[in-house]
Amino acid sequence: MKISPSLLAADFSRLAQEVSRVEKAGADMLHLDVMDGNFVPNISFGAPVIGALRPHSKLFFDVHLMIDRPERYLAGFVKAGADGITIHFESTKDPAAVLRTIREMGISPAISVSPDTPVEVLYPLLPLVDMVLIMTVYPGFGGQKLIPDTLKKISALRAEIDRLGLPVSIQADGGIGLGNLRDVLDSGVDVVVAGSAVFGAPDPTEAINRMRAIEHS
Ligand code: DX5
Ligand code: ZN
């Protein structure tokens, strides 16, 4: 399991320190939730903030774009230091073209679906991505409760990826914590996003250690 703490749950008044805190705590990646107030009913931060954090961390910057027509902004996120960009299937007319562009720009492409979008729409796109992000809450806000039905989509996707023999990992995002991590992992997830469960914990190192203990239990 890889753990990707979501910066959305960090203290925004001291972002660089927050990033080093989770890096030292043993995070594998940093999940950066970009929201535009259109695709989702919330606004978070954009490329300038990501670029400002880049010199402070060696973590893989896992940028989750919850924005309409993300093709307009890819170059800015690559320049800011994104290592991977996840776009939403629902956010653009031609997801395949956007994923190919991300690959051509030299970083890792990923695709996401919101809870109401069937996972099968992604099957034709699997050869174009390194990762699929299954939203386990409605995108837009941190601190929500995981929607159990979304785990069925993960199991179906796992089976399809294995059937095709593709090197695609599965990320789950939203409402994941110690109480449901076992079920999330059993559904076939490789990369776990955790906002509140890591940044919201009194001690992120302990939170991550506990997550790893559940993985190995
Ligand atoms: C929701 C975001 C998530 C969220 C995760 O739109 O994509 O990454 O911040 O936060 P928690 O783990 O608190 O649900
Ligand atoms: Zn996210």
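Before any of the text, the structure's been laid out above.
**Regarding the packing of aromatic side chains**
Under the counting rule described, the total for this entry stands at one aromatic pair. Judged by centre distance (6.0 Å) and plane angle (70°), the rings of phenylalanine 12 and phenylalanine 45 are edge-to-face. Here phenylalanine 12 is found in the loop between strand E1 (2–5) and helix H1 (15–24), whereas its partner phenylalanine 45 is found in the loop between strand E2 (29–35) and helix H2 (47–53), with 33 residues between them in sequence. With a relative accessible area of 9%, phenylalanine 45 lands in the buried category. Taking the ring centre of phenylalanine 61 as reference, the NZ or CZ of arginine 54 above it sits at 3.7 Å.

**A closer look at the pattern of salt bridges**
Tallying each qualifying case throughout the model produces eleven salt bridges. When the shortest N-O distance is used, the salt bridge between lysine 152 and aspartate 149 registers 2.8 Å. Because the salt bridges share partners, they merge into one network encompassing Arg14, Glu18 and Arg21.

**Observations regarding the coordination of the zinc ion (ligand 2)**
Taken together, His31 (NE2), Asp33 (OD), His64 (ND1) and Asp173 (OD) make up the full set of protein donors to the zinc ion (ligand 2), lying 2.0 to 2.3 Å away. Of note is the zinc ion (ligand 2), whose six donor atoms meet at the metal with angles of 69 to 169° in an arrangement that counts as octahedral. The exposure class of histidine 31 is buried, given its relative accessible area of 0%. A relative accessible area of 0% means that histidine 64 is categorised as buried.

**Describing unusual backbone geometry**
Even without glycine at this site, arginine 69 takes up a positive phi of about 45°. When you line up the elements, arginine 69 lands in the loop between strand E3 (60–66) and helix H3 (74–80). Take arginine 69: its relative accessible area is 45%, and that puts it in the partly exposed class.

Conventions we followed
- Residues numbered from 1 in each chain as written.
- Chains lettered and ligands numbered in written order.
- Predicted model: local features only at pLDDT ≥ 70, side-chain atom pairs only at ≥ 80, totals over all residues.
- Heavy atoms only, no water.
- Phe/Tyr/Trp six-rings, centres within 6.5 Å; stacked < 30°, edge-to-face > 60°.
- Helix = DSSP H or I, 4+ residues; strand = E, 2+ residues; numbered from the N terminus.
- Buried < 20%, exposed > 50% of the residue type's maximum accessible area, 1.4 Å probe, protein only.
- Lys NZ or Arg CZ within 6 Å of the ring centre and 35° of its normal.
- Salt bridge = Lys/Arg side-chain N within 4 Å of Asp/Glu carboxyl O.
- Donors = N, O, S within 2.8 Å, 3.2 Å for Na, K, Ca; no water.
- Tetrahedral: all angles 85-135°; square planar, octahedral: opposite > 155°, others 65-115°.

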